[in-house]
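# Overview (structure and organization)
The primary structure of each chain is shown beneath.
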Amino acid sequence: MSAMISAASMSRGKPTPGSTTVVVHPLVLLSVVDHYNRTCKDTTKRAVGVLLGSWKGNVLDVANSFAVPFEEDAKNPEVYFLDHDYLGSMFKMFRKVNAREKIIGWYHTGPKLRKGDVNINEVLRRFCPHPLLVIIDVRPTDHVELPVSAYVSVEEVHSDGTPSSKTFEHLPSEVGAEEAEEVGVEHLLRDIKDLGAGGSLTDKIQRQLASLKGMHACLHDLHEYVGLVTAKKLPLNHEISYLLQNVFNLLPNMEEPTFVSSMTSLTSDQMLVLYLSALVRSTIALHNLINNKIENHRAEQEKEKKDNQKKDKAKSKKDRANDSEKAGEAKKDDKKA
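These lines cover the structure that appears in this document, whether it is placed above or below. The structure displayed is predicted, hence computed values, not measured ones. (Residues numbered from 1 in each chain as written. Predicted model: local features only at pLDDT ≥ 70, side-chain atom pairs only at ≥ 80, totals over all residues. Heavy atoms only, no water.)

## Let's talk about a nonpolar patch on the surface
Where we set the bar: Each patch is built from residues that are more than 30% exposed by relative accessible area and take part in no salt bridge. Like charges join if they lie within 9 Å; nonpolar side chains (Val, Leu, Ile, Met, Phe, Trp, Tyr) join within 5 Å. Method for areas: the Shrake-Rupley scheme with a 1.4 Å probe, in which residue coverage is limited to the protein chains shown. Each reported salt bridge corresponds to a side-chain nitrogen of Lys or Arg within 4 Å of a carboxyl oxygen of Asp or Glu. A run of H or I in DSSP counts as a helix once it spans at least four residues, and a run of E counts as a strand once it spans at least two, with each numbered from the N terminus.
A surface patch of nonpolar side chains, amounting to about 370 Å² of accessible area, comprises Leu212, Met215, Leu219 and Leu222. Relative to the helices and strands, Met215 is located in helix H5 (residues 201-230).

Set out below in structure tokens:
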């Protein structure tokens, strides 16, 4: 391999399910979307690249990324091509810019795990002892959820005595940003669509609808999980039970008189605002109608006045022409006399 990576530049931390949290920065998401749109848009291919970052306690911070040339056989997942030399050369250039960022894993646009991911992950071990796999779903969907899923390769031991095999285990992930990145994302969103200070009513309703869809999806997952536990298809997890109990404890008592009175007052106030808004809108519409009629009447009068002036000018011009003609005839008669 022409571009070798030193051992000091490798990330030595090992992601552990249950204790490690993966934080993906917006810059990585934008880079992956750009990579996918340039190389794989409108195809069934997936984009593959390398993740750069560092450890911050138990948090694996994914701060940067770059694309890697990748091809695979759609029929046989064992056949693929990953340009190692390009990977090494690119990382050398990135290290000159920021030496703290090390290779911590790789990404692809999934949108789910594939059979060949274990083999590709083993290749990445040459550059990182315990590579992280982040699947970023760049395809727009109606589901309101994070498009990021993080995994780490673990050894699976079989109870029947067969040789162990590699598999992926899920890691908790979230999207986080530093202050400079937040400012950049805000400017980017403002360039895409100017929402103003609070956004229009349509934007607010769309955001509220998206939030309700996300809550509905979470409730559906909870319902499915409780059903599986009740049917004894999944073991009982006491931590999840405690969290569910906390959720139920935070729910308001809908039958409490104070809550009912507050909701009634709030609804009445909102209806009053809607009623006043309808009155104001009707008054403004009538006012505009009256102004429109006045302007039309004034325009008709001015037009009629201009027409009359034109007629008067034409009549006076004609009278002058007749007078001059009569005067000429009178002069001719005097000369004959």
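## A word on the packing of aromatic side chains
Just so we agree on the cut-off: When the centres of two rings from Phe, Tyr and Trp lie within 6.5 Å, Trp using its six-membered ring, the rings pair. Their planes under 30 degrees apart give stacked, over 60 give edge-to-face, and anything left gives tilted.
For the coordinates displayed, the defined rule picks out two aromatic pairs. Geometrically, the ring pair formed by Phe66 and Phe94 is stacked, given 5.1 Å between the ring centres and 25° between the ring planes. Separated by 28 residues along the polypeptide, Phe66 in strand E3 (residues 59-67) and Phe94 in helix H2 (residues 84-97) bring together distant segments of the chain.

## A closer look at the sheet that holds E3
Selection rule: Note on pairing: two strands pair once DSSP finds at least 2 bridges between them. Axis geometry follows a simple rule: fit a line to the C-alpha atoms, using only the stretch in contact for helices, then measure angles between N-to-C directions, giving values from 0 to 180 degrees. Contacts between residues were defined by any pair of non-hydrogen atoms, one from each residue, lying within 4.5 Å.
Read from one edge to the other, the open sheet built from eight strands follows the order E9-E8-E7-E6-E2-E3-E1-E10, with strand pairing classed as mixed. Both edges of this open sheet fall to strand E9 (165-171) and strand E10 (173-175), since each of them pairs with a single strand only. In this sheet, neighbouring strand axes are inclined to one another by 35° on average, regardless of whether the strands run parallel or antiparallel. Across four bridges, strand E1 (residues 21-24) lies against E3 in parallel orientation. Looking at the pairing, Val23 lines up with Asp61 of E3. Strands in contact with H2 are strand E2 (48-56), E3 and strand E6 (102-108); relative to E3, the strand with the most contacts, it is inclined by about 115°.

## Details of helix H6 (residues 238-250)
One full turn of an α-helix is made of 3.6 residues, so residues set three or four places apart face in the same direction. Threshold: Given the number of residues in a helix, its expected span is that number minus one, multiplied by 1.5 Å. Counting of polar contacts relies on pairs of N or O atoms within 3.5 Å, with two restrictions inside protein: one atom must be capable of donating a hydrogen and the other of accepting it, and residues adjacent in sequence are counted only when both atoms are side-chain atoms.
In a regular helix each residue adds 1.5 Å, so 13 residues correspond to 18 Å; H6 covers 19 Å between its end C-alpha atoms and thus fits that length. With a side-chain oxygen positioned 3.0 Å from the backbone nitrogen of Glu239, the residue opening H6 is Asn237.

## A short note on H5
Rules: For the exposure calls, accessible area comes from a 1.4 Å probe over protein chains only, and a residue counts as buried if that area is under 20% of its type's maximum, exposed if over 50%, partly exposed in between.
The end-to-end C-alpha distance of H5, which contains 30 residues, comes to 43 Å, matching closely the 44 Å that a straight helix rising 1.5 Å per residue would cover. Listed in full, the buried residues belonging to H5 are Asp203, Gly214, Tyr225 and Val229. Buried residues along H5 sit in contact with H6. Lys232 occupies a position one or two residues after H5 and carries a positive phi of about 60°.

Read these as layout, nothing more, since geometry by itself doesn't imply function.
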